[in-house]
Amino acid sequence: MAKRKPLVIVTRRLPDVVETRMRELFDAQLNLEDRAMTQAELIEAVGKAEVLVPTVTDRIDKAVLAQAGPQLKLIANFGTGVDNIDVETATNRGIIVTNTPGVLTEDTADMTMALVLAVARRLTEGAAIISDGKDWGGWSPTWMLGHRIYGKRLGIIGMGRIGQAVARRAKAFGLQIHYHNRRPVNPRIEDELEATYWESLDQMLARMDIISVNCPHTPATYHLLNARRLKLMKPEAIIVNTSRGEVIDENALARMLEANELGGAGLDVFEHEPAVNPRLVKCERAVLLPHMGSATLEGRIDMGEKVIINIKTFVDGHSPPDRVLPSMI
């Protein structure tokens with residue numbers, strides 16, 4: 001007799017190949033409209049699902065988890081970050097939480113370098129001259145001057161998988177690698193990257209030409225880059241964030257860009273997504289992208305495969321490989 005398939009509720013549209021495989025393996029309820037679920041819909045979902053597959057924009061907080069039925073045993077997050085889930089409450093209720101680490105490393109690192117180049121070389125400003133049909137009088141020795149990145153100092157905040165991938169790319173561009181982390185990385189990695197560790201974030205910020213934010217959003221990193229720390233940066237320095245918007249005090253950043261106290265910013269994430277600070281939108285020296293850092297077809301399929309492996313492993317009675325515990329956050 002065939003084993004009963006568990007009810008798996010998926011909150012958003014996923015690549016076709018991922019959804020098809022989910023339908024084959026599980027009793028998968030898909031979101032065909034690809035519309036973000038409301039809190040009421042999430043509460044309804046946790047009330048009947050055995051496995052919930054949310055994305056990073058679905059807030060699975062204490063209020064939602066309080067309505068979870070006894071059959072909900074796994075939340076398999078489609079995303080690396082789990083700041084959208086109250087992991088402690090879930091764990092206390094006997095619900096396992098998993099994520100999809102590692103698969104977005106290269107894509108996010110690519111986007112980080114793209115933003116570094118876009119800000120330093122004023123790429124979006126230049127592209128707008130052509131696409132908006134503005135007058136362009138041809139090449140000029142002093143027009144649209146940006147800055148060379150070769151030889152500059154890059155300070156990476158968060159030297160995990162993505163931070164290290166950014167460092168490898170940046171080193172190939174001739175940047176000098178510096179980093180701040182809770183602890184130094186393995187000496188072998190440090191040697192490979194020729195990276196300089198700063199225990200003091202304040203001291204690193206004051207000396208860098210470019211800052212890349214690659215740490216996760218946790219209570220400890222909320223507004224890690226507040227007004228005081230941003231003011232430590234050189235007035236010509238640029239800051240790039242492909243991690244989480246909450247790490248930077250957006251209003252303080254906007255004020256400094258407006259006052260020409262920073263050289264520029266490249267942001268793929270925002271503090272109150274999907275809302276974008278209108279002051280940042282008006283700033284010519286800010287390159288803003290709609291959370292595209294992990295947006296490759298290959299990356300999304302890899303994420304889906306991770307989710308499926310976590311669910312399948314759990315259903316087969318084993319511990320999922322990508323389990324997240326409160327102590328890990």
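Residues numbered from 1 in each chain as written. Predicted model: local features only at pLDDT ≥ 70, side-chain atom pairs only at ≥ 80, totals over all residues. Heavy atoms only, no water.

- Naming follows an unreviewed UniProt entry, where the protein appears as D-glycerate dehydrogenase of Kaustia mangrovi.
- Taken from UniProt, the Sequence similarities (unreviewed entry) comment for the protein reads in full: "Belongs to the D-isomer specific 2-hydroxyacid dehydrogenase family." (UniProt positions renumbered as here; feature names shortened; annotations may be inferred.)

### Quick word on the side chain of N31
Link 1 in the chain: Mapped onto the secondary structure, N31 falls in the loop between β2 (27–29) and α2 (39–48).
Link 2 in the chain: Take N31: its relative accessible area is 10%, and that puts it in the buried class.
Link 3 in the chain: Within the structure, N31 has its side chain in polar contact with the backbone nitrogen of E33 (distance 3.3 Å).
Link 4 in the chain: At 2.8 Å, the side chain of N31 forms a polar contact with the backbone oxygen of R35.
Link 5 in the chain: Beyond its immediate chain neighbours, meaning those up to four positions away, N31 contacts V10, T11, R12 and R13. (Helix = DSSP H or I, 4+ residues; strand = E, 2+ residues; numbered from the N terminus. Buried < 20%, exposed > 50% of the residue type's maximum accessible area, 1.4 Å probe, protein only. Polar contact = N/O pair within 3.5 Å; in protein donor to acceptor, adjacent residues only side chain to side chain. Contact = heavy atoms within 4.5 Å.)

### Digging into the sheet that holds strand β8 (residues 196–197)
Link 1 in the chain: Across the sheet, seven strands lie side by side as β8-β7-β6-β9-β10-β11-β12; this open sheet has parallel pairing. Bordering the open sheet on either side are β8 and β12 (286–288), each of which pairs with just one other strand.
Link 2 in the chain: The sheet contact formed by strand β6 (residues 153–157) and strand β7 (residues 176–180) spans five bridges and is parallel. By the bridge assignment, I156 is partnered in β7 with Y179. (Pairing = 2+ DSSP bridges.)

### Examining the pairing of strand β11 (residues 264–267)
Link 1 in the chain: Residues G264 and G266 point to one face of β11 and A265 and L267 to the other, with burial holding for every one of them.
Link 2 in the chain: Sheet topology places strand β10 (residues 238–241) next to β11; four bridges connect them, and they run parallel. When the bridges of β11 are listed, V240 appears paired with G266.
Link 3 in the chain: Note that the unit made of β10, helix α11 (residues 250–258) and β11 has a crossover that is right-handed.
Link 4 in the chain: The pairing of β11 with β12 spans three bridges and is classified as parallel. From the neighbouring strand, G266 faces β12, where its bridge partner is V287. (Right-handed = clockwise from strand over helix to strand, strands pointing away.)

### Details of the side chain of D322
Link 1 in the chain: Inspection of the secondary structure assignment puts D322 in the segment after α13 (297–315).
Link 2 in the chain: You can call D322 buried: its relative accessible area is 10%.
Link 3 in the chain: Ignoring sequence-local partners within four residues, the contact set of D322 consists of V97, T98, N99, P101, K306 and N310.

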